[in-house]
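# What the coordinates show
The chain contents come next:
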Amino acid sequence: MKILLPPSETKRPGGDGAPLDVDALALTTLADRRRAVIDALVDLAGDEETARSVLKLSPKQAGDIAHNRMLRSAPTMPAVDRYTGVLFDALDASTLSAASRRWLASHVWIHSAPLGPVAALDPLPAYRLAAGTSLPGLPALRRHWAEATTAAIADEDPVFVLDLRSEAYVALGPVPSSVPSVYVRVVTEHGKALNHFNKKSKGLLTRALAEDRPRVRSVRTLRTWADSRGIVLRDASEPGVIELVVAE
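Predicted model, so just to flag it, every value in this text is computed and none were measured.

Cut-offs and rules
- Chains are numbered independently. Their residues run from 1 in the order of the written sequence.
- The predicted nature of this model means local features are confined to residues of pLDDT at least 70 and side-chain atom pairs, given and counted, to a pLDDT of 80 or more, with totals for whole chains, interfaces and linings taken over all residues.
- Side-chain measures were taken over the full set of non-hydrogen atoms in the model, leaving aside hydrogen atoms and water.
- Each helix corresponds to a stretch of at least 4 residues labelled H or I by DSSP, and each strand to a stretch of at least 2 residues labelled E; elements are numbered beginning at the N terminus.
- Our radius of gyration is a C-alpha quantity, and the globule rule it is checked against amounts to 2.2 Å times the number of residues to the power 0.38.
- Whether two residues touch is decided by their heavy atoms; if any such pair falls within 4.5 Å, the residues are in contact.
- Shrake-Rupley sampling with a 1.4 Å probe provides the accessible areas, and residues are treated as covered by the protein chains on show and by no other component.
- Here Asp and Glu are counted as negative and Lys and Arg as positive; His is not counted, and neither are the chain ends.
- Note that the charge is assigned to NZ on lysines, CZ on arginines, CG on aspartates and CD on glutamates.
- Criterion used throughout: strands pair if DSSP finds at least two bridges between them.
- Fitted lines through C-alpha atoms serve as axes, helices being fitted only where they are in contact, and the angles separating the N-to-C directions of these axes extend from 0 to 180 degrees.
- Criterion for a salt bridge: a side-chain nitrogen of Lys or Arg within 4 Å of a carboxyl oxygen of Asp or Glu.
- Each residue gets one of three labels from its accessible area relative to the maximum for its type: buried under 20%, exposed over 50%, partly exposed in between, using a 1.4 Å probe on protein chains only.
- For the purposes of these results, a polar contact is taken to be a pair of N or O atoms within 3.5 Å, where, inside protein, one atom must be able to donate a hydrogen and its partner to accept one; residues adjacent in sequence count only when each atom of the pair is a side-chain atom.
- This arc describes the spread of directions from the helix axis toward the C-beta atoms.
- Angle categories: roughly parallel below 35 degrees, roughly antiparallel above 145, roughly perpendicular from 65 to 115, and oblique for all the rest.
- By definition, any crossing whose near helix is turned counterclockwise from its far helix by less than a right angle is left-handed, and any crossing with a clockwise turn is right-handed.
- Polar here means any residue outside two lists: the nonpolar Ala, Val, Leu, Ile, Met, Phe, Trp, Tyr, Cys and Pro, and the charged Asp, Glu, Lys and Arg; Gly therefore counts as polar.

Turning our attention to the overall build of the protein chain. Check the secondary structure of the protein chain and you find 10 helices and nine strands. In terms of overall dimensions, the protein chain is globule-like: its C-alpha atoms have a radius of gyration of 18 Å, near the 18 Å expected for 248 residues. For the protein chain, the share of sequence-separated contacts (at least 6 apart) that also reach a separation of at least 24 residues comes to 68%. Accessible area for the protein chain stands at about 11,500 Å²; split by element, carbon and sulfur atoms hold 50% of it. Positive and negative charge centroids in the protein chain, built from 31 and 29 side chains respectively, lie 2 Å apart.

Next up, the structure:
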């Protein structure tokens, strides 16, 4: 099984890892497209006023431009530790056992805007880029990434994909139809969609999977495991979607 997580806009600063090595990231066929986005971000960071406009940054967020300027040389940390925010705070990967972190490394991809999906323990620098941003010199990120990312996922040939991404990141690389997958929507018992609890619930679900490390190869085996954990997963009205039911 592979789990696809969205990234977070907020990130932990610093790191003690070596600078970014694009060729060492998961889904190696995306290397050239990753370099193209990095080049565009570094070039954009040379003009702070334009960078603030393109990235839609407030004056207080201008420091994020420096992160982009230093993408090739900045220290790194594992992706799952770099991201903060509701989902990653709930996942709380730093408190997991070594075995659970190894499970994350082999089972979780985090879908970043500049690099596409990366493995949970792939080392990343801090950066600023959202899925909907259009960078000078590049096509829209959806056009830049979608087809190549879908092909890269197909090349990996996972037995099953659990898609926990937001719709904006699904657009940057839909799971290929050849790969068994299911998209998760977080709802209340009465079917009301949630926002804050959406992210928190996805983080807690991923943490529970990392703790138990079940062998999941289909929706059926996923639901069998979830039942054992008291996690409610139910069919949605749309094909290819399941609902994660949580209390308001």
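Back to the text.
Once that is clear, we can look at the sheet that holds strand E3 (residues 108–112). Pairing in this open sheet of seven strands is mixed, and the strands run E4-E3-E1-E6-E7-E9-E8 from one edge to the other. The sheet terminates laterally at strand E4 (116–119) and strand E8 (232–235), the two strands that pair on one side only. Here the average twist between neighbouring strands, direction ignored, is 30 degrees. Here strand E7 (residues 181–187) runs beside strand E9 (residues 241–245); their pairing, made up of five bridges, is parallel. From the neighbouring strand, Val-186 faces E9, where its bridge partner is Leu-244.

Moving on: the pattern of salt bridges. Under the counting rule described, the total for this entry stands at 13 salt bridges. Between Asp-212 and Arg-229 there is a salt bridge, and its shortest N-O distance comes to 2.9 Å. Of this pair, Asp-212 sits in helix H9 (residues 196–212) while Arg-229 sits in helix H10 (residues 219–229), placing them 17 residues apart in sequence. By relative accessible area, Asp-212 is classed as partly exposed at 35%.

Our focus in this paragraph is the side chain of Asp-163. Note that Asp-163 resides in strand E6 (residues 161–163). A distance of 2.9 Å separates a polar atom in the side chain of Asp-163 from a polar atom in the side chain of Arg-165. Filtering out sequence-adjacent residues up to four positions away, Asp-163 remains in contact with Leu-4, Val-170, Val-175, Val-182, Tyr-183 and Val-184.

When we look at burial in helix H2 (residues 48–55), the residues that qualify are Ala-51, Val-54 and Leu-55. Taken down its axis, H2 places every buried residue within 85 degrees of arc, on the same side. H2 presents Glu-49 and Ser-53 as exposed residues on the side facing more than 90 degrees away from its buried surface. On its buried face, H2 is in contact with helix H1 (31–44) and helix H3 (63–69). Positive backbone phi, approximately 60 degrees, marks Lys-56, located one or two places after H2.

Interhelical geometry of H1 versus helix H7 (residues 141–156) gives an angle of 160 degrees and a closest axis separation of 10 Å. It follows that H1 is roughly antiparallel to H7 by the angle criterion. In the crossing of H1 with H7, the sense of the turn from one axis to the other is left-handed. The segment H1 lies against H7, with Arg-33, Arg-34, Ala-36 and Val-37 engaging His-144, Trp-145 and Ala-148. The residue inventory of the contact of H1 with H7, partitioned by class, reads four nonpolar, one polar and two charged.

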